[in-house]
Amino acid sequence: MQHPVGYIIAADGSAHLTSFWALLFNPWVGWQYLHNMGGAVITGAFVMAAVGAFYVLSRRQEEYGRIFLRLGVTAAVIASVFQIFPSGDGQGKMVALHQPATLAAMEGLFKTEKGAPIAIVGQPNVAEQRLDNPILIPKALSFLTYNRWGAEVKGLDAFPRDHWPDNIPLLYFSYHMMVGLGTIFIAITMVAAFLLWRKRLYGARWMLWILMLSFPFPYIANTAGWMTAELGRQPWLVYGLMRTSEGFSPLVSAGNGWFTLLGFMGMYAVLSIIFLFLIWREIEHGPRLLNGAVKTEGAA
Ligand code: HEM
């Protein structure tokens, strides 16, 4: 859907797969897979570090808490760096190569520029076709995209209006939220890893509080990343081939769509509540001995 390959379009307009290998080795897929898996590892590692911080702060299961912290912080710092480079960088280069209009919208770049800057902060103003209140790093977008400070990056003005993503502000903010959180993850985990290395992490209560309270943020970063990918592909269902407006079934009524959506929302709400309840119960119990006895306070 993001970068269709290995197909032909038949006389009746339908697409046919001609090469399974081209599909399997689609260059988009490799980076997408690594970046998604990186997001999953960050999430797991942050949860593990948060549970460890909770045990150490509350002086329960402290030995296990320290193991969780060691493993969680080590995995989190590696995965957080990996998420920005090479996997985030690789994803970005794919978007620049195959979906340049998406890149322009993600970055809030309305006008084609040589030596294009990167916006750290700013609000896209689509009506006026500019970024309001921007804080920019000059030439950084050109360098990150093409490895040349003066390279030309196409802005939205280089593409017909009906090829622009439909919701540019939401796309821009989702992308900036993902990248902003990714940068914060690196900062937090590097400080935590430094303290771990200097053998000061378990006593640094301020850092343990930060680790404990940070666990929801990778979930938010993953959701923002997913929104970036999906909003960024618009107005296409299959990029460059089939528009989203052509991809709905005329046989399914709006009422049916709502009914199914509400059904899924209800089901997921119930599953989430059960999930949170069971996870909380496991954390409360703490790790058990192999013989089934519950570990008690401070036991190794
Ligand atoms: C720190 C710098 C980061 C950069 C430069 C970056 C870059 C990107 C890019 C360019 C995309 C593709 C957007 C598209 O297909 O239109 C993407 C997607 C995504 N990102 Fe990031 N990202 C970063 C951090 C993160 C973090 C910290 C997480 C999660 C913990 C994350 C999770 C995701 C997810 C889940 C997707 C959707 C992938 C898909 O299904 O296509 N990213 N990212």
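Residues numbered from 1 in each chain as written. Predicted model: local features only at pLDDT ≥ 70, side-chain atom pairs only at ≥ 80, totals over all residues.

Asks: Would you mind showing me how to read the overall build of the protein chain here?
Replies: Broken down by element type, the protein chain carries nine helices and eight strands. Expressed as lengths along the three principal axes of its C-alpha atoms, the size of the protein chain is roughly 70 × 50 × 40 Å. A burial count over the protein chain gives 29% of its 300 residues as buried. Taking as baseline every contact in the protein chain between residues at least 6 positions apart, the subset at least 24 positions apart corresponds to 63%. (Helix = DSSP H or I, 4+ residues; strand = E, 2+ residues; numbered from the N terminus. Buried ≥ 20, exposed ≤ 12 C-beta atoms within 10 Å, placed from the backbone. Contact = placed C-beta atoms within 7 Å.)

Asks: Before we go on, may I ask you to explain the pairing of strand E5 (residues 130-137) in this structure?
Replies: The two faces of a sheet get side chains in turn, since along a regular strand they alternate between them. Pairing between strand E4 (residues 118-125) and E5: six bridges, direction antiparallel. Paired with Gln123 across the bridge in E5 is Asp132. Turn length for the E4-E5 hairpin, with the two strands adjacent in sequence and antiparallel, is four residues, and the turn residue Gln129 shows positive phi of about 55°. (Pairing = 2+ DSSP bridges.)

Asks: I would appreciate a short explanation of the nonpolar core in the present structure.
Replies: As a rule of thumb, soluble globular proteins bury nonpolar side chains together. Ranked by internal contacts, the top residues of the largest apolar core, which has 52 residues, are Ala49, Ala50, Ala53, Ala76 and Ala105. Elements that contribute at least two residues to this core include exactly helix H2 (27-57), helix H3 (62-98), helix H4 (100-107), E4, helix H6 (168-197), helix H7 (205-213) and helix H8 (216-233). The leading source of residues in this core is H2, at 13 residues. Residues within four places of Ala53 in sequence aside, it is in contact with Leu69, Leu208, Leu211 and Met212. (Core = buried A, V, L, I, M, F, W, Y, C linked by C-beta atoms within 7 Å.)

Asks: Can you help me understand the site of the ligand in this one?
Replies: Taken together, the neighbourhood of the ligand is formed by 27 residues, with Gly39, Gly88, Gly182, Gly225 and Gly232 sitting nearest. Elements with a minimum of two residues in the shell around the ligand: H2, H3, H6 and H8. Examining the composition of the shell around the ligand, we find that eight residues originate from one element, H8, more than from any other. Its residues placed into classes, the shell around the ligand shows eleven nonpolar, 16 polar and no charged. (Near = placed C-beta within 6 Å. Nonpolar A, V, L, I, M, F, W, Y, C, P; charged D, E, K, R; others polar.)

Asks: It is not clear to me how H6 should be interpreted in this structure. Could you clarify?
Replies: An α-helical turn contains 3.6 residues, so a residue and the one three or four places further along point in the same direction. Relative to the 44 Å expected for 30 residues at 1.5 Å per residue, H6 spans 43 Å between its end C-alpha atoms, a close match to the ideal helical length. In the segment just after H6, Lys199 is the residue with positive phi, at about 60°. (Expected span 1.5 Å × (residues − 1).)

Asks: Explain helix H9 (residues 254-285) to me, please; I cannot follow it from the model alone.
Replies: For H9, which comprises 32 residues, the first-to-last C-alpha distance of 46 Å matches the rise-based estimate of 46 Å (1.5 Å per residue) to within 8%. Across the 32 residues of H9, zero count as buried, placing the element largely on the outside. Following H9 by one or two positions, Gly286 adopts a phi angle in the positive range, close to 80°.

Asks: Sorry, what's going on with the domain arrangement of the protein chain here?
Replies: It is common to give the size of an interface as the accessible area that goes away when the parts come together. One can read the domain layout of the protein chain as domain 1 (7-99 + 167-247) and domain 2 (255-300). The distance between the C-alpha centroids of domain 1 and domain 2 comes to 22 Å. (Domains from an automatic or database assignment.)

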